[in-house]
Amino acid sequence: MVITKANSVPAQSIAENSPSQVLGGFDIEVKGESITVGQLVFAFDLSGASGKNAADLTSVSLYGPDDQVVAGPVDGVDTTDPAGKFTFTDTVTFPVGVTKLKLLGKLNTDFVTNDTIQASTTPGTDWTTVTGQLTGNSI
């Protein structure tokens, strides 16, 4: 499994207090067999967003191809790593091939022009209960 930034989801301006704003995009490439993930954690860095943290982002969902919700919605939790995290506990299955994902959510009204939101994940540590669909092996 390889995860990369989705070039199909460019950096963009987003509105405050409006649902389903694009917060990031990822391409998940799976080889060999479909993979099921029991928990996915995404970190958010809010550069230039002084005094703000992931708790200022709500109703965050993970959308798959065809704009279907595959996990969420969840609200952000403030941490010091770096500005907070979102934990999806929905089981998600990724088929063999490339799956394009988008994170969409709602920013509260504390944000101002030029605040920057960056989403990231480290599947080796942030994704748990990762299992091959055919073999049942942990990945």
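Analysis parameters
- Residues numbered from 1 in each chain as written.
- Predicted model: local features only at pLDDT ≥ 70, side-chain atom pairs only at ≥ 80, totals over all residues.
- Heavy atoms only, no water.
- Helix = DSSP H or I, 4+ residues; strand = E, 2+ residues; numbered from the N terminus.
- Rg over C-alpha atoms; globule rule 2.2 N^0.38 Å.
- Buried < 20%, exposed > 50% of the residue type's maximum accessible area, 1.4 Å probe, protein only.
- Contact = heavy atoms within 4.5 Å.
- Lys, Arg positive; Asp, Glu negative; His and termini not counted.
- Charge placed at Lys NZ, Arg CZ, Asp CG, Glu CD.
- Core = buried A, V, L, I, M, F, W, Y, C linked by side-chain atoms within 4.5 Å.
- Pairing = 2+ DSSP bridges.
- Salt bridge = Lys/Arg side-chain N within 4 Å of Asp/Glu carboxyl O.
- Polar contact = N/O pair within 3.5 Å; in protein donor to acceptor, adjacent residues only side chain to side chain.
- Axes fitted to C-alpha atoms, helices over the stretch in contact; angles between N-to-C directions.

## What about the overall build of the protein?
Part 1 of the argument: Looking only at helices and strands, the protein features one helix and 10 strands.
Part 2 of the argument: Radius of gyration (C-alpha) of the protein: 15 Å, near the 14 Å computed for a compact globule of 139 residues.
Part 3 of the argument: For the protein, the C-alpha atoms occupy an extent of roughly 50 × 30 × 20 Å along the three principal directions.
Part 4 of the argument: Split into buried and exposed, the 139 residues of the protein put 40% on the buried side.
Part 5 of the argument: Of the contacts made within the protein by residues no fewer than 6 positions apart, 74% connect residues no fewer than 24 positions apart.
Part 6 of the argument: Counting 7 positive and 15 negative side-chain charges, the protein places the averaged centre of each group 5 Å from the other.

## Observations concerning the nonpolar core
Part 1 of the argument: In terms of nonpolar packing, the biggest core is built from 27 residues, with Leu40, Phe42, Leu57, Phe88, Phe94 and Leu103 touching the most fellow members.
Part 2 of the argument: Counting only elements with at least two residues in this core, the list comes to strand E2 (21-30), strand E3 (35-47), strand E4 (57-63), strand E5 (69-74), strand E6 (85-88), strand E7 (92-94), strand E8 (97-107) and strand E10 (127-132).
Part 3 of the argument: Top contributing element to this core by residue count: E3, with six residues.
Part 4 of the argument: Beyond its immediate chain neighbours, meaning those up to four positions away, Phe88 contacts Gly38, Gln39, Leu40, Phe42, Val60, Ser61, Leu62, Ala71, Gly72, Val74 and Leu103.

## Notes on the pairing of E6
Part 1 of the argument: Only one face of E6 is covered, namely the face carrying Phe86 and Phe88; the face carrying Lys85 and Thr87 is uncovered.
Part 2 of the argument: The pairing of E3 with E6 spans four bridges and is classified as antiparallel. In the strand pairing of E6, Leu40 is matched with Phe88.

## Structural notes on the pattern of salt bridges
Part 1 of the argument: According to the stated counting rule, one finds two salt bridges in the structure shown.
Part 2 of the argument: A salt bridge links Asp27 to Lys100, with the shortest nitrogen-to-oxygen separation between them at 3.5 Å. Linking Asp27 in strand E2 with Lys100 in strand E8, this pair joins segments that are 73 residues apart in sequence.
Part 3 of the argument: For Lys100, a relative accessible area of 43% translates into the label partly exposed.
Part 4 of the argument: One salt bridge in this structure joins Asp67 and Lys102, with 3.1 Å as the shortest N-O distance. Here the residue Asp67 occupies a position in the loop between E4 and E5, and Lys102 occupies one in strand E8, the gap between them amounting to 35 residues.

## A word on the side chain of Asp27
Part 1 of the argument: Judged by relative accessible area, which is 13%, Asp27 ranks as buried.
Part 2 of the argument: A polar atom in the side chain of Asp27 sits 3.5 Å from the side chain of Lys100.
Part 3 of the argument: Apart from the residues lying within four places of it in its own chain, the contact partners of Asp27 are Val2, Ile3, Thr4, Lys5, Ala6, Val98, Thr99 and Lys100.

## A word on the environment of Val37
Part 1 of the argument: The topology assignment puts Val37 in strand E3.
Part 2 of the argument: Beyond its immediate stretch of four places on either side in the chain, Val37 contacts Asp90, Thr91, Val92, Phe94, Trp127, Thr128, Thr129 and Val130.

## With respect to the sheet that holds strand E1 (residues 2-5)
Part 1 of the argument: Read across the sheet, five strands follow the order E1-E2-E8-E4-E5 without closing on themselves; strand pairing throughout is antiparallel. The strands lining the two open edges of the sheet, one partner per strand, are E1 and E5. Taking the axes of each pair of neighbouring strands and ignoring which way they run, one obtains an average angle of 20 degrees across the sheet.
Part 2 of the argument: With three bridges joining them, E4 and E5 adopt antiparallel strand pairing. Looking at the pairing, Leu62 lines up with Ala71 of E5.

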